[in-house]
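Structural overview
Listed here are the chains, written in short residue letters.
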Amino acid sequence: NTIHRSQYSMVVPSASKISRNRRRNRNADILAVMSVTVIAVGAAWVLASALLSRSSSPETKIQPDSFLDAPAKEAAGGGPEAVAEVDDEGSGTRGEMHLSAKDMLVNPHIMYGTAWKKDDTGDLVFKAVHAGFRFIDTACQPKHYDEPGVGFGWKMAADQLGLSREDFFLQTKFTSVEGQDPYNVPYDSHAELEHQVRESVIASLRNLQTDYIDSLVLHSPMKTMAETLRVWKVLEDFVEEGKIKQLGISNCYDPVKFQRLHQQAKVKPKVLQNRFYKDSNFDIELRSICKSLDVEYQSFWTLSANRHAFESPDWKAIASKKGLTPQTLMYAFMMTLGHTPLSGTKNGGHMDEDVDVMLRFQHGEKVLNERDVSRLSALLGVT
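Residues numbered from 1 in each chain as written. Predicted model: local features only at pLDDT ≥ 70, side-chain atom pairs only at ≥ 80, totals over all residues. Heavy atoms only, no water.

1. Let's talk about unusual backbone geometry
For clarity, the threshold we go by: In DSSP terms, a helix is any run of H or I states spanning at least four residues, a strand is any run of E spanning at least two, and both are numbered starting from the N terminus. Type-normalised accessible area, obtained with a 1.4 Å probe on protein chains alone, sets the label of each residue: buried when under 20%, exposed when over 50%, and partly exposed for intermediate values.
Of note, Lys118 is a non-glycine position whose phi angle comes to about 50°, a positive value. The topology assignment puts Lys118 in the loop between strand E1 (111–113) and helix H4 (121–131). The exposure class of Lys118 is exposed, given its relative accessible area of 60%.

2. So, the state of the cysteines
Applicable threshold: Put simply, a disulfide is two cysteine sulfurs that come within 2.5 Å.
With the rule as written, the count across this model stands at zero disulfides. No disulfide involves Cys252; its sulfur sits 9.2 Å from the nearest other cysteine sulfur, which is in Cys290. Exposure remark for Cys252: the relative accessible area of 3% places this residue in the buried category.

3. Brief notes about the confidence of the model for the protein chain
Stated formally: One confidence number per residue, pLDDT, is output by the predictor and ranges from 0 to 100. Any two residues whose heavy atoms approach within 4.5 Å are treated as being in contact.
Here the protein chain shows a mean pLDDT of 84. Residues at 70 or above account for 75%. Counting contacts from residues 1–19, a segment whose pLDDT is below 50, to residues more than four positions away or on other chains yields two contacts. Low confidence marks residues 46–93, where pLDDT is under 50. Its contacts with residues over four positions away, or in another chain, come to 82 contacts.

4. Some remarks on helix H11 (residues 313–321)
We apply this condition: It is the directions from the helix axis to the C-beta atoms that the arc portrays. Under the rule applied, a polar contact is a pair of N or O atoms within 3.5 Å (in protein, one hydrogen donor and one hydrogen acceptor; residues adjacent in sequence only if both atoms are side-chain atoms).
Every buried residue of H11 is listed here: Trp315, Ile318 and Ala319. When H11 is viewed along its axis, its buried side chains cluster within an angular range of 100° and face the same direction. Of the exposed residues in H11, those oriented more than 90 degrees away from the buried face are Pro313, Ser320 and Lys321. In this fold, the buried residues of H11 make contact with helix H10 (307–310), helix H12 (326–336) and helix H14 (370–380). At the N-terminal end of H11, a side-chain oxygen is found 3.2 Å from the backbone nitrogen of Asp314, two or three residues along, and the residue is Ser312.

5. Looking at the nonpolar core
Note the threshold: Definition used in this section: a nonpolar core is a set of buried Ala, Val, Leu, Ile, Met, Phe, Trp, Tyr and Cys residues joined via side-chain atoms within 4.5 Å.
Counting 87 residues, the largest nonpolar core has Ile244, Phe258, Leu272, Trp315, Met330 and Phe333 as the members making the most contacts within it. The element that contributes the greatest number of residues to this core is H12, accounting for seven residues. Leave out the neighbours within four places in its chain, and Ile244 touches Val201, Ile213, Leu216, Leu235, Phe238 and Val239.

Listed below in structure tokens is the structure:
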């Protein structure tokens, strides 16, 4: 077939069209570059704002540098990889109020208990302080407590809230070898008893990031009174040095043993911390002894051992009338008796409720009258 050149003849655009096309392409390139620049700048601004907001917000997740300290981790059997994060539930402070343990100590209060919280300890203590707790209980017993986590939690919260060490009441315990995990003892289990006590107290000071302990409690009586007094003597030495402010004992349900310790000790026990439950007849005799000797009675397992009472319609009716929950009514009952209950809640909302009832007592409100106390005692089985 014959191919005519005219079929494939090239059409050459004019010079003016070429110029217009070049200008159009150049303008498109400029717009594209501008669009990319605007997007990049916007993304950078959003990222920077997010980072700035996280760094200044109480919701910041913080990796505690203190947990990287090898001696502290070794003493406590390894520090938890805890984070401090406050969510919307129970995250608030108490408005313009400055809550300080040194001012609250003379009035009824609730202590935050930290047993069984494991790797969440630091986070929960951080939240508890934000909710308003200033009294914190722990132990140098890695089996059930994370003492370094407590140290991180209170310190980080204090830094954020502008609180000082004097605004807190830190209580910890010496636990004998029998109460420790044999594979994770925070001191030399083969050393002399006195040396074990000294190592434990030194570890507690380091774990709690403090140079003094407000209250050091013997976790339970030793096998013999002689051993108990040996431990006590070492703790008394720390009191004389100013490293410990007061001493106490826990899990002591024998009035004779407690009175004997009080009689023989140079530094008298100022705290008795016991489980508050029916099996010990609610420590009626011991609580009376504590009152006569000016010893603070602290209760743990306060809610867990008495849930039967909370289910009573009468208990619920009193709680409703007082503007309380059945649980915070129990704490109000204990504080009305002059005792200090421990709250171990992990729930932010419950932390707020616990602090609210505590503040009602701090402000001098008479939440329960004698008739209320008598009725609640009967419902609990306290006779």
